[in-house]
Amino acid sequence: MEINIPDVVAEVTAAFEQYEVALISNNLDVLDELFWHSPHTIRYGVNENLYGYKAISAFRKARGKVNLERVLMNTVITTYGEDFATANTEFERQETGKIGRQSQTWMRTSVGWRVVSAHVSFL
């Protein structure tokens, strides 16, 4: 298995950046699109454990518009072959100064790169 094929890293980086823009702007359509539409998708959040795409989507809709402005630090994207990747980053919330971390597992699907597992927490 080849690690960090340049073209694959570029694809996952673009998907990760698209996710970040959607997160900060609270673009629910794009956020929903970028998660794998499967009952196997998992998202562990700061105060919630979400199992399945439907639970993740419902959480985002119920959360409403919140201030999600943040600055990313120490982002590491690693690809494994052509169809699997991880993205890990630290972030600082602009409003509160709180430091957090985020990890995502990405998988290439028939409709593009999708998050299949995610975790967000604060230090």
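Residues numbered from 1 in each chain as written. Predicted model: local features only at pLDDT ≥ 70, side-chain atom pairs only at ≥ 80, totals over all residues. Heavy atoms only, no water.

Student: How would you sum up unusual backbone geometry? Please name residues and give values.
Tutor: A positive phi angle, near 60°, is found at Asn4, a position not held by glycine. Positive phi, close to 55°, is recorded for Asn26, a residue that is not glycine. Turning to its location among the elements, Asn26 is positioned in the loop between α1 (6-25) and α2 (28-34). (Helix = DSSP H or I, 4+ residues; strand = E, 2+ residues; numbered from the N terminus.)

Student: Provide a residue-level description of the pattern of salt bridges, including the pertinent values.
Tutor: Where charged atoms from two side chains of opposite charge approach closely, those side chains can pair. Applying the stated criterion across every chain yields a total of six salt bridges. As a salt-bridge pair, Lys61 and Asp32 come within 3.4 Å of each other at their nearest N and O atoms. In this pair, Lys61 sits in helix α3 (residues 53-63) while Asp32 sits in helix α2, placing the two residues 29 residues apart along the sequence. In this structure Asp32 comes out as buried when scored by relative accessible area, which is 9%. Put simply, Glu11, Asp83 and Arg108 are held in one network by salt bridges that share partners. (Salt bridge = Lys/Arg side-chain N within 4 Å of Asp/Glu carboxyl O. Buried < 20%, exposed > 50% of the residue type's maximum accessible area, 1.4 Å probe, protein only.)

Student: Explain the pairing of strand β3 (residues 70-80) to me, using residue names and the numbers behind them.
Tutor: When β3 meets strand β4 (residues 84-93), the two strands line up antiparallel, connected through nine bridges. In the strand pairing of β4, Tyr80 is matched with Phe84. Counting the residues in the hairpin turn of β3 and β4 gives three residues, including Gly81, whose phi is positive at 70°. (Pairing = 2+ DSSP bridges.)

Student: Any details on the pairing of β4? Residues and values, ideally.
Tutor: The pairing of β4 with strand β5 (residues 99-109) spans nine bridges and is antiparallel. The partner of Glu90 across the bridge, within β5, is Arg101. From the end of β4 to the start of β5, which pair antiparallel, there are five residues, and Gly97 there has a positive phi angle of about 80°.

Student: Quick one: what's the story with the layout of surface pockets, residue by residue and with numbers?
Tutor: In this structure, the largest pocket occupies an estimated 360 Å³ of space. Around the largest pocket sit 21 residues that line it, and Val46, Arg63, Leu68, Arg93 and Phe122 are the ones nearest its centre. Ranked by residues supplied to the lining of the largest pocket, first place goes to α3 with three residues. Of the residues contributing to the lining of the largest pocket, the split by class is eight nonpolar, five polar and eight charged. (1 Å grid on protein atoms, 1.4 Å probe; cavity = no way out; pocket = protein on both sides within 12 Å on 5 of 7 lines; lining within 4 Å. Points joined across faces, edges and corners; volume = space filled by probe spheres on them. Nonpolar A, V, L, I, M, F, W, Y, C, P; charged D, E, K, R; others polar.)

Student: Provide a residue-level description of the packing of aromatic side chains, including the pertinent values.
Tutor: Within the structure shown, the criterion is met by four aromatic pairs. Considering the side-chain rings of Tyr19 and Phe35, the 6.1 Å spacing of their centres and the 55° angle between planes classify their relative orientation as tilted. Placement of Tyr19 in helix α1 and of Phe35 in the loop between α2 and β1 (42-44) is noted, with a sequence separation of 16 residues between them. Comparing Tyr19 with Phe35, the two get one shared label, buried. Between the aromatic rings of Phe91 and Phe122, the centroid separation amounts to 5.7 Å while the plane-to-plane angle is 75°, which identifies the pairing as edge-to-face. (Phe/Tyr/Trp six-rings, centres within 6.5 Å; stacked < 30°, edge-to-face > 60°.)

By themselves, these observations are geometric and do not establish any function.
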